[in-house]
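So you can see what is in the structure, the chains are spelled out below.
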Amino acid sequence: MNRTVDVLVVGAGPAGLAAAARLAAAGAGRVEVLERELDAGGIPRHCARPGFGADARGRPLDGPGYARRSVRAALRAGATVRTGVSATGWAGPLTLDVTAPTGLERVRARAVVLATGARERPRSARLVPGSRPAGVLTTGELQRLVLRFGARPEHIGRRAVVVGGDPVARAAVRTLRAAGVEVVAVVTEHPARRTAFGAVPVLGGAVVSELLGRGRLTGVAVRSGAGRTTRHTLRCDTVVFTGDWIPDHELARACGLPLAPGTRGPATDSAFRTAAAGVFAVGNLLRGVEPAVVAAAEGRTVAAAVIGLLEGRPWPEGRVPVGVPAGSVGPLRWVTPGLLGPVAAPLLVRPERRLVRPVLTVTQDGAPLRRVRLNGALAPWRSVRLPPWWAHGVDLGGGPVVVGAEE
Amino acid sequence: MSVTRTGPLPAGADATYDVVVVGAGVVGSAIARTLARHPLRVALVEAANDVGDGTSKANTAILHTGFDALPGTLEARLVREGYHLLSAYAQETGIPVEPLGALLVAWDEQQRAALPRLAEKAQRNGHRTTGLLTAAELRSREPHLGPGALAALEVPGESVICPWTTTLAYATQAVRSGVDLHLDCRVEKVRPGDPYHRLVTRRGVLRTRHLVNACGLHADAFDALVGREDFTVTPRRGQLLVFDKFARDLVRHILLPVPGPLGKGVLIAPTVYGNVMLGPTAEDLDDKTATGTTAEGLAGLREQGGRILPALLDEEVTAVYAGLRAATGQEDYRIAAHPGLRYVTVGGIRSTGLTASLAIAEHVRGLLADCGLGLGPERPLARLRMPNLGEAFPRPYRDARLIARDPEFGAIVCHCERVTRGEIRAALTSTIPPGGLDGLRRRTRARGGRCQGHSCGAEVRALFEEHAEHREGTR
C-alpha cells in the first residue's frame, strides 16, 4: 500500500513527539509519527524519577508523566502517532518501507524527521572478554525488565555491579536498589566521584576486564590502579553496562547519510538538516545521550526548518563539516552540529575526560580561527554549549573545521 | 516420537532402543536423522538442554568444498560428499546457504608461492575450478582489502551456511520421523552387555542394542565409560568477533588465510545473517568448558582483521564468542566401529564436521550395519521446511501475504534482527522448543542483533515465559 504524508517523523520519543506537536500546530499538514514499540513516549517511559521538568502547574514530572504529556501534546496538536509500526528501510529519497501488524506500507513524505534515539553499547561492542552467562544487562534492558516484570531476582539478580560513571549509571543504581538488589560496586574508568552514588562503593580508574560464570554470572574481574595491573574479583550475579551511547543510526546510514566520526550520528547543521535534501535528524540520534528536555527542544527547533522546506525554501548547499580531530582519542569526544552553514549556530562540545580550564581551539584547513581558555572544569558526562560567535570567521567555501582542546 | 527435558525417562518396553546416539550436536543429530529412515527404535540423548549447544553452535559457519583437506583421508572424502549432501538438503529444507566462493589471499611472497600447490591439492581433492587471481583482479573483486595483498586463489563453491538451523533441522526431522530426543540427560555410566547396553543417566536408565558416541569434545570421556582409550580430545579454542551488518558491504567472498608454517591464521567471512565474522584464534587448552574470550585473543583478532580489511574496525562489534573444536592430535576424523561392543565412536570431528555431517551419518549407518544392526527397509522421512534466518532470503517482516494471514508476523519484537512475534511464537511451539533464551535466539535471531537485547530483551523474555507458563499449565 502506498501513501503520502507531509511530514513523517520516525521515533516517538521526546524529540520526535516535540517535533510532531510543533509541526502539526503550525499547520504543516498531515504529520505522522512512526513508533516501533507498542507505546509512544520513548526512553522516559522507563525512568520513574523526577528530573523531567514540570507540568503546567509547576509540579515536577517523572519520566512516565513526561512521556504521557509529550504524547498528549502531539495528538492534541493534530499529529498521528502510530505505535507497533517499524520503518524498515528506504524505497526512495523520501519514501520509507514500513512493517506493521496491519501489513506492509510504502509511505512517501515531503519531509522526513529521523528521531530514532540512541542505545547503550552492550558488553560485546565494548569487547569485554570472558564467558557469556545470563545476567549481563544494559540500563535500558534493566529498566524495561523491571517495568515489565517488577523486581524478580531471576531476571535482575541479587547482587549487581554497575559499570560506568555517567548520570545513567546513577539511574541504574537507583533502579537496582529500588528493586531490592544489592549494588556491590560502581566501576568507572574515570576518577571516582564517591558522592554521586550514595552508599555504594565506587571503584574509580577501574575497568571490568572479564565476566565469569557459566549459566548465570558469578562475578566480574576488575583491573585498577596505575596501568590497571591490580586484578580482583567482585562476586555478583548481575552486571549492568551503562552509558557508552551509540545513536540508533540504522535508517540514517541506510539513507547514505555521512556520520560525524565523534558521535556516530548523522551530521546536521544548526537547523538539523542532514546532507540529504528533505531529511532532518534530531534528538539523541545525533550523539547519544542528552536529557529528554534537550532532545525535545531540538524537536521544537527543527519545526521551523521543516516548514521552511514545505514552503519551498531551498536545501542549503556549501555547508562545512565540523568535528573533533580525527584519529586517536583526544581530549574531546564530539562536537555538534556537524555541519556549519550561513546561519551562526551554537556548538555543543563533549569532552572525553575531565578537563580543567582547557583552551578550546577552532581551526579550518590547519589555520587557527579562535583560541579561548574556558573557566572551570568540563566533565565527560555533560556537554558544554559554546555561543554562536565561536564559529565566526569560518569560510563556507573552505575545508573541514576542527574543534580541539589543550589542557 | 517425543522430546523430553525433565522427569524420568520412559521405562519398560519403551525404554529399549535399537540404537542410542549420545550427543545431539550437528553430527549426532545427523546420525539420528539418517537412522530414522529405517524402522528402528532410536533415541538421541543430550546432556545440555538443547540440540547443537556445544561445538556446533559456535563455529565458523562455512560449508566447505573440502578443497584443502589432506587427500586420501576419511575427512577429505566425507567433507567432499557431505558438501553435496548438505547443499541439496539445505535447498530442500530451507536452511540458508550463500555460495559466495572463497579467496585465499596471499600477503607475502611465501604465501603467493604456496598458491599453485594449493590449487594442485584442490585438484587431487576433486576440485578443478580453482583459479589464480593477480593483485589487480583480486582488488577488483574485493576493493576494501588492505594494502599488500599480492594474489589469491579463488575457490568457487565455498559457502556460508546457518549452523543453528542445520542441527535443528536434522533433530527436528529425526523426532518427527519417530526418534526420541532426551535433553538434559547426561549419561553418567555405561554398563555394556548382551543383548543390551544399559546407559545410566541422571533421569534413569536406557537400554539399547547399539550405541553411537557423538559426544564431540567429550568423545574420549565417553569412550572411557565403555572401556576404550583410543585417543584424547584436546579442546582447541577459537575466539570470534561478529561485526555489525553495516560491515557486510565491505566483503563479498569468504576470505581465507593461506595456511603456512605459522598456523592457519584468521578468516573473514560474511554470515548468512548479514554480518561479518572475523576469526578464529587457535589455542590448545585443557579445559573443555573454557568457552570464554580473552583480552589478548580479541586484540589479536582485531589486529589481524585490520590488516586484511581495515575498514572493518570502524564498525561496531555485535557479538563476541568462543567455540571449542575437538582436536585429537591426528589430521583426520577418529571414526571407529567396535563390532564386539556394537558400538561406534565418532570422534575428532573438527571444524569441517558441519559440512561433513550428512556423509558422516551415512558412514556411521554402514558401520552400524557392520556391527550387526539389522537396518530393515528404507522409508521416507517426515517432510520438513525450516524457518528462514538468512538475510538473503525472504523474511516474514517483508511478507505481505503472510502478515495478512497472521498479523503477528507484522509485529516486530526484536528490531535489530527484525524478528516478529509470529516467528517467536512459532519457535516456542515447534517440534523441539527452545530450552532458554539462547536457544530461542538460535531459532529466530531474537536478541542476537546489535543491541543484544537492550530494546527487546524484556519483551522477548516475556513471550518466552508466558509460553513456558502456558506449557506448564496444560501439562
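Quick caveat, the model's predicted, so the values are computed rather than measured.

**As for the overall build of chain A**
Regarding its fold elements, chain A presents seven helices and 29 strands. Relative to the globule expectation of 22 Å for 407 residues, the C-alpha radius of gyration of chain A, 22 Å, shows essentially globular dimensions. Counting only C-alpha atoms and orienting by the principal axes, one finds that chain A spans roughly 60 × 55 × 45 Å. Each of the 407 residues in chain A was classed as buried or not, and the buried ones make up 58%. For chain A, contacts bridging at least 24 residues in sequence account for 58% of all contacts bridging at least 6. Carbon and sulfur atoms make up 53% of the accessible area of chain A, which amounts to about 16,600 Å² in all. Across chain A, the centroid of the 54 positively charged side chains sits 5 Å from that of the 30 negatively charged ones.

**Looking at the confidence of the model for chain B**
Across chain B, the average pLDDT comes to 95, with 98% of residues at or above 70. Among the prediction metrics, the complex's ipTM stands at 0.94, with pTM recorded as 0.95.

**Considerations on the sheet that holds strand β9 (residues 159–161) of chain B**
Residue and element names in this part refer to chain B. Within the open sheet, the three strands sit side by side as β4-β9-β5. Their pairing is antiparallel. The strands lining the two open edges of the sheet, one partner per strand, are β4 (62–63) and β5 (97–98). Examined bridge by bridge, β5 and β9 share two bridges and lie antiparallel to one another. The residue bridging Glu98 from the neighbouring strand is Val160, located in β9.

**Notes on the sheet that holds strand β10 (residues 136–138) of chain A**
Residues and elements named next belong to chain A. Taken in spatial order, the five strands of this open sheet run β10-β17-β11-β12-β13, and their pairing is parallel. Two strands in the sheet have a free side with no partner beyond their single neighbour: β10 and β13 (202–204). Recorded for the sheet is a direction-independent mean angle of 20 degrees between the axes of neighbouring strands. Of the strand pairs in this sheet, strand β12 (residues 182–188) and β13 are connected by three bridges, and their pairing is parallel. The residue bridging Val187 from the neighbouring strand is Leu203, located in β13. Running at roughly 95 degrees to β10, helix α3 (residues 139–149) makes contact with β10 and β17 (238–241) of the sheet. Packing against the sheet, helix α5 (residues 167–178) makes contact with β11 (159–163), β12 and β17, and its axis sits at approximately 170 degrees to β11.

**What to know about the nonpolar core**
Of all hydrophobic cores here, the largest spans 57 residues; its most connected members are Ile31, Tyr333, Ile335, Val346 and Ile360 of chain B. When residues of this core are traced back to their parent elements, those giving at least two are β2 (16–22), α1 (26–35), β3 (42–45), α2 (74–93), α5 (163–176), β21 (343–347) and α8 (353–370) of chain B. No other element matches α8 of chain B, which puts nine residues into this core. Setting aside chain neighbours within four positions, we find Ile335 of chain B in contact with Leu74, Leu78, Thr345, Val346, Gly347, Ile349, Ile360, His363 and Leu367 of chain B. Residues Leu23, Ala87, Ala109 and Val302 of chain A belong to the second largest nonpolar core, which totals 56 residues.

**Thoughts on α3 of chain A**
Residues and elements named next belong to chain A. The buried count for α3 comes to eight of eleven residues, which makes it a mostly enclosed element. Within the span of α3, buried status applies to Thr139, Gly140, Glu141, Leu142, Gln143, Arg144, Leu145 and Phe149. Directly after α3, the chain includes Gly150, whose backbone phi takes a positive value near 75 degrees.

**Some words on the interface of chain B and chain A**
Accessible area lost upon the coming together of the parts is a frequently used measure of interface size. Tallying the contact residues gives 45 residues for chain B and 40 residues for chain A. Summed over both partners, the interface of chain B with chain A buries about 3,700 Å², with 50% contributed by carbon and sulfur atoms. It is Phe246, Glu316 and His454 of chain B that lose the most area in chain B upon contact with chain A, and together they represent 19% of the buried surface on that side. Put simply, chain B and chain A have seven salt bridges between them. A salt bridge links Arg418 of chain B to Glu250 of chain A, with the nearest nitrogen and oxygen atoms 3.1 Å apart. Connecting chain B to chain A are 15 residue pairs in polar contact (both at pLDDT 80 or more). Breaking the side of chain B that touches chain A down by element, the ones donating at least two residues are α7 (295–308), β19 (317–327), α9 (400–405) and α12 (457–474) of chain B.

**Comments concerning empty space enclosed by the protein**
Under the criterion given, the structure shown has six cavities of 30 Å³ or more. In this structure, the largest cavity encloses a volume near 80 Å³. In terms of lining residues, the largest cavity is bounded by Asp50, Val51, Gly52, Ser56, Lys57, Pro163, Trp164, Thr167, Leu168, Arg442 and Arg443 of chain B. Elements that contribute at least two residues to the lining of the largest cavity include exactly α5 and α11 (437–444) of chain B. The dominant element in the lining of the largest cavity, judged by the number of residues it contributes, is α5 of chain B, at four residues. In terms of residue class, the lining of the largest cavity is built from four nonpolar, three polar and four charged. By volume, the second largest cavity amounts to about 60 Å³. Ala260, Thr263, Pro266, Ala267, Thr268, Leu286, Val335, Thr336, Pro337 and Gly338 of chain A together form the lining of the second largest cavity.

**Points about the packing of helix α1 (residues 14–25) of chain A against helix α7 (residues 292–310) of chain A**
Residues and elements named next belong to chain A. In the contact formed by α1 and α7, the axes pass within 7 Å of each other and the chain directions differ by 40 degrees. As judged from the angle between their axes, α1 and α7 are oblique. As α1 packs across α7, the resulting crossing turns out to be right-handed. Contacts from Pro14, Ala15, Ala18, Ala19, Arg22 and Leu23 of α1 reach α7 at Ala292, Ala295, Ala296, Gly299, Arg300, Val302, Ala303, Val306 and Ile307. In terms of residue class, the contact of α1 with α7 is built from twelve nonpolar, one polar and two charged.

**Observations regarding a positive patch on the surface**
Residues and elements named next belong to chain A. A cluster of basic side chains, namely Arg22, Arg68, Arg69, Arg72, Arg76 and Arg300, defines a positive patch on the protein surface. Per element, the largest residue contribution to the positive patch is four residues, and it comes from helix α2 (residues 63–77). Mapping Arg72 onto the fold places it in helix α2. Its relative accessible area of 44% is what places Arg72 among the partly exposed residues.

**Some words on the pattern of salt bridges**
This model, assessed by the stated rule, comprises 65 salt bridges over all chains. In this structure, Glu316 of chain B and Arg121 of chain A form a salt bridge, with 2.9 Å as the shortest nitrogen-oxygen distance. In this pair, Glu316 of chain B is assigned in the loop between α7 and β19 and Arg121 of chain A in the loop between β9 (118–120) and β10, connecting two distinct chains. The class of Glu316 of chain B is buried, set by a relative accessible area of 13%. In this structure Arg121 of chain A comes out as buried when scored by relative accessible area, which is 13%.

**So, the environment of Thr271 of chain B**
Residues and elements named next belong to chain B. Tracing the backbone through its elements, the reader meets Thr271 in the loop between β16 (267–270) and β17 (276–279). Between the alpha carbons of Thr271 and Lys245 there is a distance of 9.4 Å; along the sequence they are 26 residues apart. Apart from residues no more than four positions distant in its own chain, Thr271 is found in contact with Glu98, Val160 and Met277.

**Concerning α1 of chain A**
All names here are of chain A. Helix length check: α1, at twelve residues, gives a terminal C-alpha distance of 16 Å against a target of 16 Å (1.5 Å per residue), a fit within 8%. For α1, the tally of buried residues reaches ten of twelve residues, placing the bulk of the element in the interior. Structurally, α1 contributes buried residues whose contacts are with β1 (2–10), β2 (31–35), α2, β5 (80–83) and α7. Directly after α1, the chain includes Gly27, whose backbone phi takes a positive value near 80 degrees.

**Some words on the packing of α2 of chain B against α8 of chain B**
Residue and element names in this part refer to chain B. One can describe the packing of α2 onto α8 by two numbers: an axis separation of 6 Å at closest approach and a directional angle of 105 degrees. Between α2 and α8, the crossing angle belongs to the class labelled roughly perpendicular. For the pair α2 and α8, contact is made by Leu74, Arg77, Leu78, Val79, Glu81, Gly82, Tyr83, Leu85, Leu86 and Tyr89 and by Leu354, Thr355, Ala356, Ser357, Leu358, Ala359, Ile360 and His363, respectively. Among the residues making up the contact of α2 with α8, the classes are represented as twelve nonpolar, four polar and two charged.

**Side note on the packing of aromatic side chains**
Residue and element names in this part refer to chain A. For the coordinates displayed, the defined rule picks out six aromatic pairs over all chains. Seen from their ring centres, Phe280 and Trp315 are 5.0 Å apart, and the 75 degrees between their planes marks the pair as edge-to-face. Here Phe280 is found in strand β19 (residues 279–281), whereas its partner Trp315 is found in the loop between α7 and β20 (320–323), with 35 residues between them in sequence. Of the residues examined, Phe280 reaches a relative accessible area of 0% and is grouped as buried. Note on Trp389 and Trp390: the rings are 5.8 Å apart at their centroids and 20 degrees apart in plane angle, and the pair reads as stacked.

Procedures and definitions
Residues numbered from 1 in each chain as written. Chains lettered and ligands numbered in written order. Predicted model: local features only at pLDDT ≥ 70, side-chain atom pairs only at ≥ 80, totals over all residues. Heavy atoms only, no water. Helix = DSSP H or I, 4+ residues; strand = E, 2+ residues; numbered from the N terminus. Rg over C-alpha atoms; globule rule 2.2 N^0.38 Å. Buried < 20%, exposed > 50% of the residue type's maximum accessible area, 1.4 Å probe, protein only. Contact = heavy atoms within 4.5 Å. Areas by Shrake-Rupley, 256 points an atom, 1.4 Å probe, with all protein chains shown as cover. Lys, Arg positive; Asp, Glu negative; His and termini not counted. Charge placed at Lys NZ, Arg CZ, Asp CG, Glu CD. pLDDT = per-residue confidence, 0-100. Pairing = 2+ DSSP bridges. Axes fitted to C-alpha atoms, helices over the stretch in contact; angles between N-to-C directions. Core = buried A, V, L, I, M, F, W, Y, C linked by side-chain atoms within 4.5 Å. Buried area = accessible area lost by both parts, 1.4 Å probe. Salt bridge = Lys/Arg side-chain N within 4 Å of Asp/Glu carboxyl O. Polar contact = N/O pair within 3.5 Å; in protein donor to acceptor, adjacent residues only side chain to side chain. 1 Å grid on protein atoms, 1.4 Å probe; cavity = no way out; pocket = protein on both sides within 12 Å on 5 of 7 lines; lining within 4 Å. Points joined across faces, edges and corners; volume = space filled by probe spheres on them. Nonpolar A, V, L, I, M, F, W, Y, C, P; charged D, E, K, R; others polar. Parallel < 35°, antiparallel > 145°, perpendicular 65-115°, else oblique. Left-handed = near helix turned anticlockwise from the far one by under 90°. Patch = residues over 30% accessible without salt bridge, like charges linked within 9 Å, V, L, I, M, F, W, Y side chains within 5 Å. Expected span 1.5 Å × (residues − 1). Phe/Tyr/Trp six-rings, centres within 6.5 Å; stacked < 30°, edge-to-face > 60°.

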